[in-house]
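Working through the structure, step by step
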Amino acid sequence: MVFRNPRLWLVLSTSTLIIGATLSAFSYFHPILTEVTGFAAGTVPLLLIGYGAATVIGNTVVGRLADRHTVGVQLVGLTLNFLFLAGFAVFAHLPVPAVALMTGIGLVGVTMNPAMVTRVQRTSNARPLVNTVHSSFITLGVIVGSSGGGLAINSFGLRGPLWLGAALAVIGVGTLVPDLLRRSPAVPVSVAPVTGHPEPAISAASEPKAVCAARP
């Protein structure tokens, strides 16, 4: 049964963490932008339009890259999301950096959905039940991000959800490590024959410890 594959559960958890990292911040953009950054309440919808435009651009880029660079897209996306979330937490009191960093979150947050879906389908051969479960894990990410962000506010103030999102992004990178190691095997290095005779190449793995000097 496909659900007995530990790798599938790791892949599903990556999707949960990607969405959780983004939604922990997005759910509280309005109070952060008004109470920490200092924007008027009427300005926030305009800023969120810019955020939405960034997600359209991000979806377009990820959609083109997700098929050939599935894990790489998630690695770069989570790394950038960590930097944007942590930067927003540090510079939330400065309007220009805050808006720029919020826009960056829009570029690399939920826009990783094409890569998430592709990775799950390749792990489970696109089985309908697995795709349904994947949707549940994405919903779980929404719950973890939004509810966790609220708890973070209670403990650390309005910057708390941003730090929580950054932490979830780091954990998300950790879930990619097994796949990254699987995709980076040691490649045997071929050694050219020492004479002009048609001899088979010797791989580095099978090359004898003592190598004779080349004949003239």
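Structure's up top.
Quick look at the structure, then. What you see is a predicted model, and the numbers here were worked out from it, not measured in a lab.

This part is about the layout of surface pockets. Here the second largest pocket defines a volume of roughly 190 Å³. The wall of the second largest pocket is formed by 13 residues, among which Val61, Val62, Val73, Val76 and Val108 lie closest to the centre. Among the secondary structure elements, those contributing two or more residues to the lining of the second largest pocket are α3 (44-65), α4 (70-91) and α5 (95-108). Sort the elements by how many residues they give to the lining of the second largest pocket and α4 lands first, with five residues. Across the lining of the second largest pocket, the residue classes tally to nine nonpolar, four polar and no charged.

Within helix α2 (residues 29-37), burial applies to Phe29, Ile32, Leu33 and Thr37. The buried residues of α2 all sit within an arc of 95° when viewed along its axis, so they share a single face. Buried residues along α2 sit in contact with α1 (6-26), α3, α4, α5 and α8 (160-182). Once α2 ends, the next one or two residues include Gly38, with phi positive near 100°.

About the criteria used
- Within each chain, residue numbers correspond to sequence positions counted from 1 in written order.
- Local features are withheld for residues below a pLDDT of 70 in this predicted model, meaning they are given only at 70 or higher, and side-chain atom pairs are given and counted only at 80 or more; totals for whole chains, interfaces and linings count all residues.
- For side-chain calculations, the full set of non-hydrogen atoms in the structure is used, while hydrogens and water are omitted.
- A cavity here means a set of 1 Å grid points, computed over protein atoms only, where a 1.4 Å probe fits but cannot escape. A pocket is an open set with protein on both sides within 12 Å along at least 5 of 7 lines, and lining residues have an atom within 4 Å of a point.
- Grid points are joined across faces, edges and corners, and a volume is the space filled by probe spheres set on the points.
- Helix and strand definitions here come from DSSP, where helices need a minimum of 4 consecutive H or I residues and strands a minimum of 2 consecutive E residues; each element is numbered from the N-terminal end.
- Three residue categories are used. Nonpolar comprises Ala, Val, Leu, Ile, Met, Phe, Trp, Tyr, Cys and Pro, charged comprises Asp, Glu, Lys and Arg, and polar comprises the others, including Gly.
- For every residue, the accessible area (1.4 Å probe, protein chains only) is compared with the maximum for its type, and the residue is labelled buried under 20%, exposed over 50%, or partly exposed between those bounds.
- Arc, as used here, means the arc of the directions from the helix axis to the C-beta atoms.
- Any pair of residues with heavy atoms lying within 4.5 Å of one another is described as a contacting pair.

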